[in-house]
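# A look at the structure
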Amino acid sequence: MPVHTVKDVNDLDTKVPPHLQHVSISNLKLTSDCLHRSVKGKVVQKGPVVSCRQREYLLKAVIQGEDPQQRSASQHASINVIFFGTLAKDFSQSVSQGDIILLAGFTISKSPSEQTDKLHPCHLEMSGPDACVHPKYTYIPLSELKPRSIVNVYGVVTFFKQPFPTKGTDYCSTLKITDQSNAKVGCTIFSEKLEDHPKIFRVGDIIRLHRVKAQMFNGSMTLLTTLGWSTITFDGMIDSPVEPRTSSRTFHFDEADKHTVEALRQWAASQSLLTSESTVPLSSVQPKMYFDLTCQLLSKACMDSRCILLKVWDGTECGHSLLNVAAAPDALEGESTCFQDQQNMTANILVYDNHLEVARMLQPGMFLRLYNLHAVPQTPPGQPPDVPQHLVFHLHGGTSYGRGLRSIPSDSPDLQSLKRVLESHAEKQAAEAEVNDGTLLDVWYTPPETVGPISNMKYPFTSLCVYPVQTCDHSLQQVSLAHVKTSIPPVVCHVQARVKSYQPQKLYQCLKLFCPQCKTVKDVPDDESIAQVFEEALRSSNQPCSEHWAVTSSADSHQLDRTVTMHMSCDMVLDNTHLQMIFLQGVTLDEMCIISGSHKNLVPVCSGEDRRMRLLDLSAPFLFCGDKRYYGCEHCSQSSFVDPVVSGVDVWDEQNVAKALGVQLMQYMLLLQFELEDETGTLDALLWEDAERFFNVSSAETSANQELQDRVQNIMDRIHPSGSSMAERPWLALCLSVYTVEENGRTQVCYQITNTETRGNL
C-alpha cells in the first residue's frame, strides 16, 4: 500500500526505510536529487479527489515544514503536493488536515501557481510505484474535543445500538463512549454497508475512530463520520487477546495502540464500566423479562414478510417450558432441533420489523448475540387457560434500549465457554443418536404448537380460522362495491369483498392519538423523540421547582451530575394518598420507565426561570402509569400548576389526573385503510370508530400490550396473507357506512367499516 501509518511523530524517523535521507522543504530545488530523499511536514491544506483524463484521479495538498526556525527564516517553508491515481484516493481516506506526514518517491516540478499562492516555486508530484506517504495519527482526549474539528479518538463504549436503516440509503448506528478524561461523548455513524459499522458486542468494548468530526448537538459534544472515516474495536475484558475487529483489509495497529487499549481496559475495570456477565443464559430467564442472549443458531424460517423465526440454544435448560413454534417443512432452513426440544433447550425467537434484514443474512451454525430480547409467556394453542404457560421470545421492532441482534465470530473470546458447553452436549447427542420406532412415532404424531402469523391456506395442517362477520341489526340485501359507490349518503350497505391492500403496512403505525375536543389525530411519538424532550428538559431546568402546594424532596447524584427531585401534593400527603400521584423532575425517559414499573401515576415536570412547576412539552407523555403512557392535546390543554385541585378524589386514574392538571386527555385509537375488491371494482374504506370491535381489543391496552399487538397482526395476516394472490384471500362479510365530510369547502364521500368483528380461533 502507498500509505503507511505510524502512531507517534518520532516513528516517522525510526520506522521508515533507513536508506531515505531527510531534506527540508526550503532546500528543495528543481535540480535536487529526489532518489532516496524524504520530506516531512504538516498538512495545512487538503483538497478533494477529482477526476482527470490523464491520470484518472488527482488530489492537491499543501504541507508545511515542521521546523519553526525554517518557517520564520524562509518564505518557502510550505509546498504544494499533487497526488495521482490510487495514491490520491488512499491519501484522501487515510490523512486528515493537521496530520504530520513523511513523503518519499516524489518528483519535483515547477509550480504554476507560485505567483498567486506565494508558496514554494516548486511542487512535488506523487505517482508511480515508489511514491509513498507515512502519516502520523494523533489521538485527542474526549474532554479536549473542539467543534468542527476532524479528530482521531479512543474510547470505552458505555451504550450502543446496532445499525438500523435510515430513510435514505445508509445504515445508522449510535453509541456513547468515555475515556480517562471522564468526558462522555455520543457518536453517530453512517455507512451504506453494514459490515463497515463498528463491531461492538457489549458495553465495555474499546473503540478507535479515525477522521470523525466533532460538533455540538443539543448542547452536547457529538462525533459524526466524515469522508474517509474508519473504525476498529476490541474486547474490553482485561487479559483477553488484543485483536482488532474490523472489515477493513488494511489498517494500522502497533504496540502503541496495544498499550492504549490495555490502559483503557484497566481504567474501565476500575470504573466498573464492564460487567462480568454481559448476557443471561436460558437457565436464568424469567417470564416477561428483557435480557441479552448469546447463543448458536440451529435453524430459521421466514414466517411471512414481517417475521422471521430463529431457533437457537445456549446449552442450558430453561426453568420454564419453552414453546415450540411450528413452521412449514419447506420453509425451515437448518438442522433438526429434536434433541434440544426434548431437553427444553430450544428457544424460539420471533424477529420483527427493522431487524429482519440482519436475520435474513444469518446462517444456521452461526453464533449470535441478541439485545433486549423479550420472554413472552403464552398458553400453547388448543390448551385450556389453566395449563402452565410456555415461553416464546420476541425481538420487537425499534432500537430502544439497544434492541437488536448481530453475529459473533466463532473465534471470539466471549464464546469459548459457550462452545465448550455446546460441544459436551454434541457428544451426548452422538451417543444417543440411535433412533427407534417409538421415537419416530412420537415425533410424527406430536401436534405442532403454533404462534404468530400462520395462514390456513399456506399451512393446511393447522385448524386456525378467523373471519369478519357483521354484527348489526340491519335487514339489508348484500350489494356490490359498484352499487355502494353509486349510493347517496348517508346510507349503510352490506357487502362481501376481499382485501386487496391495506395501510399502514407496519401495523404499529395504525395506533394513533385522537383529541375528542378538536378532533386532532396524530401519530404516537417514538421513544427517541420522547427521549429528546426529556433531555431538553434536563438541560433547561436545573433548579428544583418551588410550589406552595407541594412537598419536595431532592437528591444530588454525583454519578449522574444532576439533581433528581420528587414533588407530592400536601393535601394528598395529609389524606395518605400521596403515592397515587408523584411529580418527578430531573429524570431521563429510561429512568421514568423503570420507576413507573412500581408506581401508579408519575408526572414528569420541569421548572421555569421563576422555578414554577411546568409540564414537559406535550409531544411527550404527561403521565406514566405502569407500562401505559398518556398524552395531552397541545391545542386544547391549559395546563396550570397555580393551585391544582387534588382533594376529594378517591381513585386517581388518567381522567382525574388530566382534569387536575388542566390537560385535555388524548385517546388511543386504531386507524387503518382497506382497499376492498369484488367482481365489480375496488373501494377504499377506513376502519376507525369500530376498529376495537373489529379486532376485539382495546386501543389503550394495545399501546402497552405485546400480546394484543400480536393479535392485530395475526388477524391481518389471516385476511391478507403475505404473498397470496387475490384468489387465495378470504371473502369478508362487511357492513359499510357511506357518509360525507366537509374539507376546504368541498364535500367528499367517505366509506367506513362499521358493526363488524372478527371471530374464530386465534
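Residues numbered from 1 in each chain as written. Predicted model: local features only at pLDDT ≥ 70, side-chain atom pairs only at ≥ 80, totals over all residues. Heavy atoms only, no water.

Scanning the protein from N- to C-terminus turns up 17 helices and 39 strands. Taking all 762 residues of the protein together, the buried fraction comes to 47%. Long-range contacts, defined as pairs at least 24 residues apart, comprise 65% of the intrachain contacts of the protein with a sequence gap of at least 6. Taken as a whole, the protein presents about 37300 Å² of accessible surface, with 49% of it coming from carbon and sulfur. (Helix = DSSP H or I, 4+ residues; strand = E, 2+ residues; numbered from the N terminus. Buried < 20%, exposed > 50% of the residue type's maximum accessible area, 1.4 Å probe, protein only. Contact = heavy atoms within 4.5 Å. Areas by Shrake-Rupley, 256 points an atom, 1.4 Å probe, with all protein chains shown as cover.)

This part takes up the pattern of salt bridges. One pass over the full model with this rule turns up 13 salt bridges. Across the salt bridge formed by Asp235 and Arg202, the nearest N and O atoms sit 4.0 Å from each other. Linking Asp235 in the loop between β15 (220–234) and α5 (255–270) with Arg202 in the loop between β13 (184–191) and β14 (206–217), this pair joins segments that are 33 residues apart in sequence. Judged by relative accessible area, Arg202 falls into the buried class, the value being 7%. (Salt bridge = Lys/Arg side-chain N within 4 Å of Asp/Glu carboxyl O.)

This part is about the pairing of strand β2 (residues 37–46). Pairing geometry for strand β1 (residues 21–22) and β2, over two bridges, is parallel. Of the residues in β2, the one forming a bridge with His22 is Ser38. Pairing between β2 and strand β6 (residues 100–104): five bridges, direction antiparallel. From the neighbouring strand, Lys40 faces β6, where its bridge partner is Leu102. Sheet topology note: the β2/strand β4 (residues 56–65) ladder contains five bridges and is antiparallel. When the bridges of β4 are listed, Gln45 appears paired with Val62. (Pairing = 2+ DSSP bridges.)

Here we come to the packing of aromatic side chains. Under the counting rule described, the total for this entry stands at eight aromatic pairs. The interplanar angle of 80 degrees and the centroid separation of 6.0 Å between the aromatic rings of Phe514 and Trp688 together place this pair among those described as edge-to-face. Within this pair, whereas Phe514 is found in strand β25 (residues 511–514), its partner Trp688 is found in the loop between β36 (681–687) and α15 (691–695), the two being separated by 174 residues in sequence. Phe514 gets classed as buried once you look at its relative accessible area, which sits at 13%. (Phe/Tyr/Trp six-rings, centres within 6.5 Å; stacked < 30°, edge-to-face > 60°.)

Further remarks concern the side chain of Thr316. Tracing the sequence through the fold places Thr316 in the loop between β17 (307–313) and β18 (332–334). Here Asp314 takes part through its side chain, which lies 2.7 Å from a polar atom of the side chain of Thr316. If sequence neighbours within four positions are ignored, Thr316 has contacts with Pro281, Leu282, Ser283, Asn344 and Met345. (Polar contact = N/O pair within 3.5 Å; in protein donor to acceptor, adjacent residues only side chain to side chain.)

Attention shifts here to the nonpolar core. Judged by nonpolar contacts, the single largest core of 54 residues is most densely connected at Phe534, Phe674, Leu676, Phe695 and Leu736. At five residues, the largest contribution of residues to this core is made by strand β24 (residues 491–503). Inspection of this core shows a minimum of three residues originating in each of domain 4 (467–509 + 670–759) and domain 5 (521–663). Those residues within four positions of Leu736 in sequence are excluded, and the remaining contacts are Leu481, Val484, Val491, Val492, Cys493, Val495, Leu676, Leu683, Ala685, Gln752 and Ile753. The next biggest cluster of nonpolar side chains, apart from the first, holds 30 residues, and it includes Val153, Ala183, Val212 and Trp229. (Core = buried A, V, L, I, M, F, W, Y, C linked by side-chain atoms within 4.5 Å. Domains from an automatic or database assignment.)

Residue Pro490 follows Pro489 across a cis peptide bond; omega there is 0 degrees. A cis geometry characterises the amide bond from Gln503 onward to Pro504, with omega recorded as 0 degrees. Inspection of the secondary structure assignment puts Pro504 in the loop between β24 and β25. A positive phi is found at Asn182, a non-glycine position, where the angle reads about 70 degrees. Its place among the elements puts Asn182 in the loop between β12 (171–178) and β13. Judged by its relative accessible area of 47%, Asn182 is partly exposed. Here Asp239, not a glycine, exhibits a phi torsion of approximately 75 degrees, which is positive. Assignment of secondary structure puts Asp239 in the loop between β15 and α5.

By way of backbone hydrogen bonds, the strands of a sheet pair with one another, either parallel or antiparallel. With antiparallel pairing, three strands are arranged side by side in an open sheet as β26-β25-β34. A single partner strand is all that each edge strand has here, and the edge strands are β26 (521–523) and β34 (667–670). Averaged over all pairs of adjacent strands, the angle between strand axes in this sheet comes to 40 degrees, irrespective of strand direction. Where β25 lies against β34, four bridges are found, and the strand directions are antiparallel. Its bridge partner being in β34, Leu511 is matched across the sheet by Leu670. (Axes fitted to C-alpha atoms, helices over the stretch in contact; angles between N-to-C directions.)

Here we take up the environment of Met361. Looking at where Met361 falls in the secondary structure, it is placed in helix α7 (residues 356–361). Among the residues examined, Met361 registers a relative accessible area of 47% and is labelled partly exposed. Once the C-alpha coordinates of Met361 and Arg406 are considered, the two residues, 45 residues apart in sequence, prove to be 10.0 Å apart.

This prediction gives the protein a mean pLDDT of 81; 84% of its residues lie at or above 70. Confidence, expressed as mean pLDDT per element, reaches its minimum in the protein at helix α9 (residues 437–445) with 37 and its maximum at strand β35 (residues 672–678) with 93. This model gives residues 5–10 a pLDDT under 50, and the stretch forms 21 contacts once residues within four places in sequence are excluded. Counting contacts from residues 433–466, a segment whose pLDDT is below 50, to residues more than four positions away or on other chains yields 60 contacts. (pLDDT = per-residue confidence, 0-100.)

When the terminal C-alpha atoms of helix α11 (residues 527–540) are compared, their 20 Å separation across 14 residues agrees well with the 20 Å that a helix rising 1.5 Å per residue should span. Of all the positions in α11, only Ile530, Val533, Phe534, Ala537 and Leu538 are classed as buried. Relative to the axis of α11, the buried residues are bounded by an arc of 140 degrees and lie together on one face. Where α11 is buried, its residues touch β28 (562–569), α13 (589–596), β30 (602–607), β32 (623–625) and β33 (628–630). (Expected span 1.5 Å × (residues − 1). Arc of directions from axis to C-beta.)

What follows is about the pairing of strand β37 (residues 732–743). Judged from the seven bridges that link them, β24 and β37 form a sheet pairing that is antiparallel. Bridged to Val492 within β37 is Ser737. Note that β37 and strand β38 (residues 746–754) share nine bridges and pair antiparallel. If you follow Tyr739 over to β38, its bridge partner there is Cys750.

Tallied over the entire structure, the rule returns zero disulfides. Cysteine Cys307 shares no disulfide, and the gap to the nearest cysteine sulfur, in Cys302, comes to 8.1 Å. Look at Cys307 and you get buried, because its relative accessible area is 1%. Not part of a disulfide, Cys545 finds its nearest cysteine sulfur in Cys606, a span of 6.9 Å. (Disulfide = S-S within 2.5 Å.)

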